[in-house]
Amino acid sequence: MNSTTIEDLSGHFQAKIQHIHTLLQLRNVTKEKDLCELLSAVNHSVYDLEATVTRMKLILTSEREKLREFEAMKKSLLDLNARATYTNDNIPARLPKAQKVSSVQPASAPTHSITPLQPKQIQSSAPSNHTCRPTSVSQAAVPKQEETGPSIEYLTVDEFESVPKYMKGRMTYEKMNSAIDELNHAFDAKYKILRQRRSYLSEKQKQKARDYKAQENKDTKGLHFIVEDDIKNDSGLKLDKASKTLFTILRHCQRFREVRSGKLLRYVLCEYSY
């Protein structure tokens, strides 16, 4: 009893007296059968209510735990959404190409010789009102994939940042990759001609193809390269001080290397650049 005032003390004793009155009223209840059954039913109801309350407490505890998990999940989703929004708003104009995966050629299956049908056999097996035309599997329509020529891979931000400052000068990341675009125009113009059949080329293009072949030597066999004339004629780059900085950075990042013989300087792509 923690009563601090007369009113609290009076109320406490009034409650005690009320309990005593209730007990006095119930002292003879066991002598009446109907009341015993009623009290037993009330007792069962109280037990059921207690069990229900216990289950509800367990459910509330479980739901509180789930709510905490949902709050943590909500926070993670909001962070992920913020990152995705930032990524979407800051996608670079140029992205590195996916690395090529070397395809493993399956073992050649054993070939079976097929005896071609003779004309008489074809005639006898085909209906008289149709013409039988044998078809070859190799002549089936296969969708052609568009050929892409060699190209210089864009620099990543990390690669560009790793270049020493004295080497970069005033070159920026955006200017660097824009210049790579121009160099790729030169590569594309050259190897587009070399990929074409000679019968499809004009006389001017045939002469260019002969010039391209004349520029090759033992050091460039099987490699892709361009020369300064290709850059002048087929790209928007000027061969000035800025281009020297560009070539220095590309050599440093192993995008190409230089092969010189006589007066001709060749810019040869490193293998992984295409």
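Residues numbered from 1 in each chain as written. Predicted model: local features only at pLDDT ≥ 70, side-chain atom pairs only at ≥ 80, totals over all residues. Heavy atoms only, no water.

## Here's the deal with the packing of aromatic side chains
Move 1: Within the structure shown, the criterion is met by 4 aromatic pairs.
Move 2: Seen from their ring centres, F247 and F256 are 5.9 Å apart, and the 55° between their planes marks the pair as tilted.
Move 3: Judged by its relative accessible area of 5%, F247 falls in the buried class.
Move 4: On the basis of an interplanar angle of 55° and a centroid distance of 5.4 Å, the ring pair of F256 and Y267 is categorised as tilted. (Phe/Tyr/Trp six-rings, centres within 6.5 Å; stacked < 30°, edge-to-face > 60°. Buried < 20%, exposed > 50% of the residue type's maximum accessible area, 1.4 Å probe, protein only.)

## Thoughts on the sheet that holds strand β3 (residues 264-269)
Move 1: Reading across the sheet, the 3 strands line up as β1-β3-β2 and stay open at both edges, with antiparallel pairing between neighbours. A single partner strand is all that each edge strand has here, and the edge strands are β1 (225-227) and β2 (256-261). On average, each strand axis in the sheet is inclined to that of its neighbour by 30°, with strand direction left out of account.
Move 2: With 6 bridges connecting them, β2 and β3 associate as antiparallel partners. Residue pairing for β3: S261 is matched across the bridge by L264.
Move 3: Against the sheet, helix α6 (residues 173-195) contacts β1, β2 and β3, and its axis sits at roughly 105° relative to β1. (Pairing = 2+ DSSP bridges. Helix = DSSP H or I, 4+ residues; strand = E, 2+ residues; numbered from the N terminus. Axes fitted to C-alpha atoms, helices over the stretch in contact; angles between N-to-C directions. Contact = heavy atoms within 4.5 Å.)

## Comments concerning the packing of α6 against helix α9 (residues 241-252)
In a packed pair of helices, the relevant descriptors are the angle between the two axes and the axis-to-axis distance.
Move 1: Between α6 and α9, whose axes approach to 11 Å, the crossing angle comes to 90°. Of the possible angle classes, the one that applies to α6 and α9 is roughly perpendicular. Within the contact between the two elements, α6 uses M176, A179, I180 and L183 and α9 uses L246, F247, I249 and L250.
Move 2: Here the residues of the contact of α6 with α9 sort into 8 nonpolar, no polar and no charged. (Parallel < 35°, antiparallel > 145°, perpendicular 65-115°, else oblique. Nonpolar A, V, L, I, M, F, W, Y, C, P; charged D, E, K, R; others polar.)

## Description of the environment of R260
Move 1: When you line up the elements, R260 lands in strand β2.
Move 2: In sequence terms R260 and D219 are 41 residues apart; their C-alpha atoms lie 9.4 Å from each other.
Move 3: If sequence neighbours within four positions are ignored, R260 has contacts with L265 and R266.

## Description of the confidence of the model for the protein
Move 1: Chain-level pLDDT for the protein is 79 on average; 74% of the residues reach the 70-or-more range.
Move 2: Low confidence marks residues 102-117, where pLDDT is under 50. Its contacts with residues over four positions away, or in another chain, come to 1 contact.
Move 3: Scored below 50 in pLDDT, residues 119-143 makes 3 contacts in the model with residues more than four places away or belonging to other chains. (pLDDT = per-residue confidence, 0-100.)

## Some words on the side chain of T220
Move 1: As for its position among the elements, T220 is in the loop between α7 (203-214) and β1.
Move 2: What T220 contacts, discounting residues up to four positions off in sequence, is F225, V259, R266 and V268.

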